[in-house]
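Single-letter residue listing:
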Amino acid sequence: MTTSETTHVMIAELERMFDAFPDLPREAIIKQDILRVGLAFDENALAVASGYKPKDYFIFSFDLVPLKEMQHHEAYRSPEEIRMTGGVYQLQPTIVSVRVNPDSPYRVQLHEGRLALLCEGVHLADLEFPPIPAYYAHSLSSGKKISEIAPAIEWGYLIYLTAYRLCQYWGKSEECRFCDLNENYRQQKAQGREYTAVKTIDDIVEAMALINQHDTVSKAYTVTGGSITSSLQGMKEGEWYARYAEAIESRFPGRWIPKAVVQALPKDEAQMLRDAGYRIYHPNYEVWSPELFPWICPGKERYVGRDEWIKRIVDAAEIFGPERVIPNFVGGVEMAQPHGFTDIERAIASTTEGLDYFMSRGIIPRFTTWCPEPTSDLGRQDGPPLEYFVKLLLAWRTTFEHYNLPAPPGYGRPGVGNAEFSVSAFMDVIRLDRLPKGREVAEV
Ligand code: SF4
């Protein structure tokens, strides 16, 4: 069915993209648009749904409005993700992270008595919400909730361990401008939510023991948190974060794929992470443009500097192996205003230069979709149009296939209908028949 004859603005733009980029899965295009503008929830849809896993606020808020402005308490009741299937475009199953925006044209509501996603009245998909992991029924001896210490995301595939919920880059002159980590910590506490600034190793190991006992879905864990610019508990960043994998791996060697999302560290600290057991390292570079990096990441520029940051990413390939160095960039933030690109083609050209730089060295950057969080320094702004994200998906896949790279490890299954990764569609656009034969997914 086509709806292009309608005057629906969002649907018309989706269909324009489907026609212009027939090589990209429609699922990926819709997913990027939902991540771009967020989701609204009808109260009766949330009231009818039960037994699903709500949003755990595992690191940033990833919402387009602050908690205090949410109607119907979506913050506590909206699901972590949605899975779309069927609808007018006969979508294959597609998992999308939830970013709450009560004004979004993408509405979760009841349609013929079932949970569905509608946009401008068009039935885009039937929906499922993620199940509550079995281990959530258990509690920790410290009294902390297990969902607060070791939440699951990506439909249960990934355990997300934000060990340090604050960042030592502090205030406007240091915090990355798209980031609301410190502000989100403050707003969660202000709303009376249990929110632990520093998670103890004991709590985390106890949580992992329960997960090991009661869960068969999780395959990887991420240890992450804010940057440590000086020291925390007398330790430098590499040493501080290394202890978590060391403790988990000594108890459960090889049970999960261990991943660290921390700064681009000097070689000796990156080596500490590898020796502790991490197999995958994410030294996120956030934005490629040399002109924009100092503006978007003032703390990183001041303490490390862009050139050194990039050198450290490349150096880390010697320690982890290039395919296990997976630096993230924030897709779309290079079009943030007032200083970002205003022209889509120039933005894509800049980002593609970065993709080429890393992928030509066997390093596989991935991206999340910029969510203009209201309490971040960039604040409320529209962000790039859908066309930007569609072109970004194509640029990522074209460069990835050009260098004949395998799918990155620790990201679940690649390909449309398979992908679990929920905060961008880069895993959804991977074509299984173009992956290198016998090496479809890089070894861990
Ligand atoms: S390094 Fe930047 S993105 Fe990371 S937590 Fe700190 S301010 Fe946020």
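Refer to the preceding data block for the structure.
To start, this report covers the structure provided alongside it. (Residues numbered from 1 in each chain as written. Predicted model: local features only at pLDDT ≥ 70, side-chain atom pairs only at ≥ 80, totals over all residues.)

1. Comments concerning the overall build of the protein
Then, in step 1: Helices and strands together make up the secondary structure of the protein, namely 14 helices and 13 strands.
Then, in step 2: Against the 2.2 N^0.38 benchmark of 22 Å for 444 residues, the protein shows a C-alpha radius of gyration of 21 Å, consistent with a compact globule.
Then, in step 3: Dimensions of the protein, computed from C-alpha atoms along their principal axes, come out at roughly 60 × 50 × 45 Å.
Then, in step 4: The buried share of the protein, taken over its 444 residues, is 51%.
Then, in step 5: Sequence separation of at least 24 residues holds for 76% of the intrachain contacts in the protein that already meet a minimum separation of 6. (Helix = DSSP H or I, 4+ residues; strand = E, 2+ residues; numbered from the N terminus. Rg over C-alpha atoms; globule rule 2.2 N^0.38 Å. Buried ≥ 20, exposed ≤ 12 C-beta atoms within 10 Å, placed from the backbone. Contact = placed C-beta atoms within 7 Å.)

2. Some words on the sheet that holds strand β2 (residues 81-86)
Then, in step 1: One open sheet accounts for 6 strands, arranged β1-β4-β5-β6-β2-β3; its pairing is mixed. The open sheet has two edge strands, β1 (40-41) and β3 (91-97), and neither has a second partner.
Then, in step 2: Strand direction decides the pairing type here: β2 and β3, joined by 5 bridges, are antiparallel. Pairing of I82 across the sheet is with V96, part of β3. (Pairing = 2+ DSSP bridges.)

3. Focus: the packing of helix α1 (residues 9-20) against helix α2 (residues 26-37)
Each packed pair of helices is defined by two parameters, the angle between the axes and the distance between the axes.
Then, in step 1: Two numbers describe how α1 lies on α2: the axes approach to 10 Å, and their chain directions differ by 140°. Taken together, the axes of α1 and α2 lie oblique to each other. Crossing of α1 against α2: the hand is right-handed. From α1, L14, M17 and F18 reach across to α2, where they touch R26, I29, I30 and D33.
Then, in step 2: A per-class count over the contact of α1 with α2 returns 5 nonpolar, no polar and 2 charged. (Axes fitted to C-alpha atoms, helices over the stretch in contact; angles between N-to-C directions. Parallel < 35°, antiparallel > 145°, perpendicular 65-115°, else oblique. Left-handed = near helix turned anticlockwise from the far one by under 90°. Nonpolar A, V, L, I, M, F, W, Y, C, P; charged D, E, K, R; others polar.)

4. Section: helix α9 (residues 267-276)
Because the α-helix completes a turn every 3.6 residues, residues three or four places apart line up on one side.
Then, in step 1: Of the positions making up α9, those classed as buried are A270, M272, L273 and A276. Projected onto a plane normal to the axis of α9, the buried residues spread over an arc of 150° and lie on a single side.
Then, in step 2: Here the buried face of α9 lies against α8 (237-251), β10 (257-262), β11 (280-283) and α12 (306-320).
Then, in step 3: A positive backbone phi angle near 125° is found at G277, which sits one or two residues after α9. (Arc of directions from axis to C-beta.)

5. As for helix α7 (residues 201-214)
Then, in step 1: For α7, spanning 14 residues, the distance from its first C-alpha to its last is 20 Å, which sits close to the expected 20 Å at 1.5 Å a residue.
Then, in step 2: Here α7 has its buried residues at D203, I204, E206, A207, M208 and I211.
Then, in step 3: Looking at the buried side of α7, the elements it contacts are α5 (146-149), β8 (158-164) and α8. (Expected span 1.5 Å × (residues − 1).)

6. A word on the sheet that holds β8
Then, in step 1: Reading across the sheet, the 5 strands line up as β7-β8-β9-β10-β11 and stay open at both edges, with mixed pairing between neighbours. Looking at strand neighbours, the two that pair on one side only are β7 (152-153) and β11, the edges of this open sheet.
Then, in step 2: As judged from the 4 bridges shared by β10 and β11, these two strands associate in the parallel manner. The partner of V261 across the bridge, within β11, is H282.

7. Overview of the nonpolar core
Then, in step 1: Core analysis: the biggest nonpolar cluster contains 139 residues, and L117, A150, Y241, L273, Y281 and L393 have the highest contact counts within it.
Then, in step 2: Sort the elements by how many residues they give to this core and helix α14 (residues 386-402) lands first, with 7 residues.
Then, in step 3: Those residues in contact with A150 that sit more than four places away from it in its chain are I159, L161, I204, A207, M208 and I211. (Core = buried A, V, L, I, M, F, W, Y, C linked by C-beta atoms within 7 Å.)

8. So, the packing of α9 against α12
Then, in step 1: The interhelical angle for the contact between α9 and α12, taken along N-to-C directions, is 35°, at an axis separation of 10 Å. In this structure, α9 crosses over α12, and the sense of that crossing is right-handed. Residues K267, A270, Q271 and R274 of α9 form the contact with α12, whose participating residues are D315, A316, I319 and F320.
Then, in step 2: Residues belonging to the contact of α9 with α12 are distributed by class as follows: 4 nonpolar, 1 polar and 3 charged.

9. Concerning unusual backbone geometry
Then, in step 1: Following Q337, the chain continues into P338 via a peptide bond in cis, with omega recorded as 25°.
Then, in step 2: Although it is not a glycine, Q90 adopts a positive phi angle of roughly 50°.
Then, in step 3: Within the element layout of this structure, Q90 appears in the loop between β2 and β3.
Then, in step 4: The exposure class assigned to Q90 is exposed, which follows from the 11 C-beta atoms found within 10 Å.
Then, in step 5: With phi around 50°, E112 is a residue other than glycine that occupies positive phi space.

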